[in-house]
Amino acid sequence: MFAPVVPRVEFSNGYSMPMFGLGTYLSVSGEVEKAVKYAIDIGYRHIDTAFYYKNEKEVGDAIREKIKDNTVKREDIFVTTKLWNTAHAEDKVVSACRKSLENLGLEYMDLYLIHWPIAFQDNEDLMPVDSTGLLMFSDTDYLETWKGMEECVRQGLTRSIGVSNFNSHQITRIMEMATIKPVNNQVEVTVNLNQVPLIEFCKKYGITVTGYSPLGRPGNRRGVANSLDSSEILAISEKYKKTPAQIACRYVYQQGAAPIPKSVTPSRIKENIDIFDFELTSEEMKTIEMAGSGVRMGSFPDAKDHRYYPFAIPF
Ligand SMILES: NC(=O)c1ccc[n+]([C@@H]2O[C@H](COP(=O)([O-])OP(=O)(O)OC[C@H]3O[C@@H](n4cnc5c(N)ncnc54)[C@H](OP(=O)(O)O)[C@@H]3O)[C@@H](O)[C@H]2O)c1
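Everything numeric here is computed off the predicted structure, so don't read it as measured data.

K.L.:
Please clarify how helix α6 (residues 196–204) should be interpreted in this entry.
P.N.:
Turn by turn, an α-helix covers 3.6 residues, leaving residues three or four places apart pointing in a common direction. The set of residues buried in α6 consists of Leu198, Ile199, Phe201 and Cys202. Across the axial projection of α6, the buried residues extend over an arc of 160°, all falling on one side. Away from the buried face of α6 by more than 90 degrees, exposed residues Lys203 and Lys204 are located. Elements in contact with the buried residues of α6: α5 (168–177), β9 (184–188), β10 (208–212) and β11 (257–259). In the segment just after α6, Gly206 is the residue with positive phi, at about 70°.

K.L.:
Honestly, the pattern of salt bridges in this entry has me stumped. Any pointers?
P.N.:
Close approach of charged atoms lets side chains of opposite charge pair. Scanning all chains against the criterion turns up 19 salt bridges. Note that Asp41 is salt-bridged to Lys66, the shortest N-O span being 2.9 Å. Placement of Asp41 in helix α1 (residues 32–41) and of Lys66 in helix α2 (residues 56–68) is noted, with a sequence separation of 25 residues between them. According to the relative accessible area criterion, Asp41 is partly exposed, its value standing at 44%.

K.L.:
What should I look at first to understand the packing of α1 against helix α9 (residues 266–273) in this one?
P.N.:
Relative placement of two packed helices is described by the angle separating their axes and the distance separating the axes. Where α1 contacts α9, the axes come no closer than 10 Å and their chain directions differ by 40°. Of the possible angle classes, the one that applies to α1 and α9 is oblique. Handedness of the α1/α9 crossing: right-handed. The residues of α9 that touch α1, namely those facing Ala35, Tyr38 and Ala39, are Pro266, Ile269 and Lys270. Here the residues of the contact of α1 with α9 are counted per class, giving 5 nonpolar, no polar and 1 charged.

K.L.:
Would you take a moment to explain the sheet that holds strand β4 (residues 78–83) for this structure?
P.N.:
Hydrogen bonds between backbone groups are what pair the strands of a sheet, and the pairing can be parallel or antiparallel. One open sheet holds the 7 strands; their spatial order is β3-β4-β5-β8-β9-β10-β11, and the pairing between them is parallel. In the strand order of this sheet, the two ends are held by β3 (46–48) and β11, each with one partner. Across this sheet, the average inter-strand angle for adjacent strands is 30°, counted without regard to direction. Running over the sheet, helix α4 (residues 142–154) touches β4, β5 (109–114) and β8 (158–164) and is turned about 160° from β8. Here helix α8 (residues 244–254) sits on the sheet in contact with β10 and β11, set at roughly 155° to β11.

K.L.:
Sorry, what's going on with the confidence of the model for the chain here?
P.N.:
Regions with low pLDDT carry predicted coordinates that are not meant to be interpreted in detail. Here the chain averages 96 in pLDDT, while 98% of its residues score no lower than 70. Of all secondary-structure elements in the chain, the lowest mean pLDDT belongs to helix α10 (residues 282–291), at 96, while β5 reaches the highest, 99.

K.L.:
Would you explain the site of the ligand in this entry?
P.N.:
Around the ligand, 27 residues are found, and the nearest of them are Tyr25, Asp48, Lys262, Ser263 and Thr265. Separating an oxygen atom of the ligand from a backbone N or O atom of Pro214 is a distance of 3.5 Å. Between the ligand and the protein, one listed contact pairs an oxygen atom with a backbone N or O atom of Leu215 at 2.9 Å. When isolated, the ligand has an accessible area of 910 Å², and the protein chains bury 88% of it. Considering each element in turn, the shell around the ligand owes the most residues, 3 residues, to α9.

K.L.:
Looking at this structure, how should I read the pairing of β5?
P.N.:
Counting buried residues in β5 gives 6 out of 6 residues, a clear majority hidden from the surface. In this structure, β4 lies alongside β5, joined through 4 bridges in parallel fashion. The residue of β5 that forms the bridge with Lys82 is Leu113. Traced from β4 through helix α3 (residues 90–104) to β5, the parallel crossover comes out right-handed. For β5 and β8, the ladder comprises 5 bridges, and the chain directions are parallel. Opposite Met109, over in β8, you have Thr158 as the bridge partner.

Criteria and cut-off values
Residues numbered from 1 in each chain as written. Predicted model: local features only at pLDDT ≥ 70, side-chain atom pairs only at ≥ 80, totals over all residues. Heavy atoms only, no water. Buried < 20%, exposed > 50% of the residue type's maximum accessible area, 1.4 Å probe, protein only. Helix = DSSP H or I, 4+ residues; strand = E, 2+ residues; numbered from the N terminus. Arc of directions from axis to C-beta. Contact = heavy atoms within 4.5 Å. Salt bridge = Lys/Arg side-chain N within 4 Å of Asp/Glu carboxyl O. Axes fitted to C-alpha atoms, helices over the stretch in contact; angles between N-to-C directions. Parallel < 35°, antiparallel > 145°, perpendicular 65-115°, else oblique. Left-handed = near helix turned anticlockwise from the far one by under 90°. Nonpolar A, V, L, I, M, F, W, Y, C, P; charged D, E, K, R; others polar. Pairing = 2+ DSSP bridges. pLDDT = per-residue confidence, 0-100. Near = heavy atom within 4 Å. Polar contact = N/O pair within 3.5 Å; in protein donor to acceptor, adjacent residues only side chain to side chain. Areas by Shrake-Rupley, 256 points an atom, 1.4 Å probe, with all protein chains shown as cover. Right-handed = clockwise from strand over helix to strand, strands pointing away.

Spelled out as structure tokens, the structure:
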């Protein structure tokens, strides 16, 4: 029987997270529930969603159904969701967290992340724009947001809290004021963007890293070449009899980040997690690193003028 053994990483607060999960960004209603159920059936124990993805309800339905049919217990499943940019004011965070829990239909989430360090005006529209089409930013400091995140832990809504798309400077600011420390930073980690300096930095602070877009978003590349087709990846793929997607996920995992590839295709959901029976050598890791283009897929260019845009410094 197919039963991948996924290692776990321990958080600084004693909880732990499976080092591989299912992404759900752009997994739409009608597809995502089936995908999550199938993933749990074949051994996924870590599911990533966000308020912004507008699929928390279907993700939660799938998880609850798998608990109900005794495939898993609640404590076997690690569920992450994220606070969106329109709810950064300290007094909005707890109600946003409660809304996500209500969508999921769960009593607690395992990990609640600030999705971006960037705040927008509080608005029904999740990407509020003014009459000239520019995003309506808010100056709310994410340190204020963090106080609301800590309150979510105190109220038992989430076991752990963390950040996403935060750079080293932003993490330092949080660490200096936090009463409850962030346990995780979710950032893009791919064969093109290995994030070695940021991962090392996070490690020093006891912060684990989740790697998003580990496949480099093959279906949505906006003209950027797909490095899963590079000769280096193809040669390594041939050696291990693994697909380029599996090599990419294994690379992210060996880099020290938990890959969370998104798929709604059963064969790919199964393929992607099947990476725990081989190991890339340090030379192969280096070869992939050297071939990487440095291109960031999730650069959020419309937010580049925000005072807390995270990608204006090297890491
Ligand atoms: N924190 C953040 O700001 C942030 C940003 C981006 C993403 N994320 C999280 O990270 C997850 C993954 O990132 P992502 O969705 O951007 O990109 P990704 O996982 O790198 O790529 C997803 C795309 O790859 C396809 N795919 C999946 N497995 C494949 C395989 N084995 N071979 C070929 N193609 C395959 C999927 O298609 P099918 O579904 O059709 O199979 C989908 O089009 C997201 O879903 C989300 O949960 C977080």
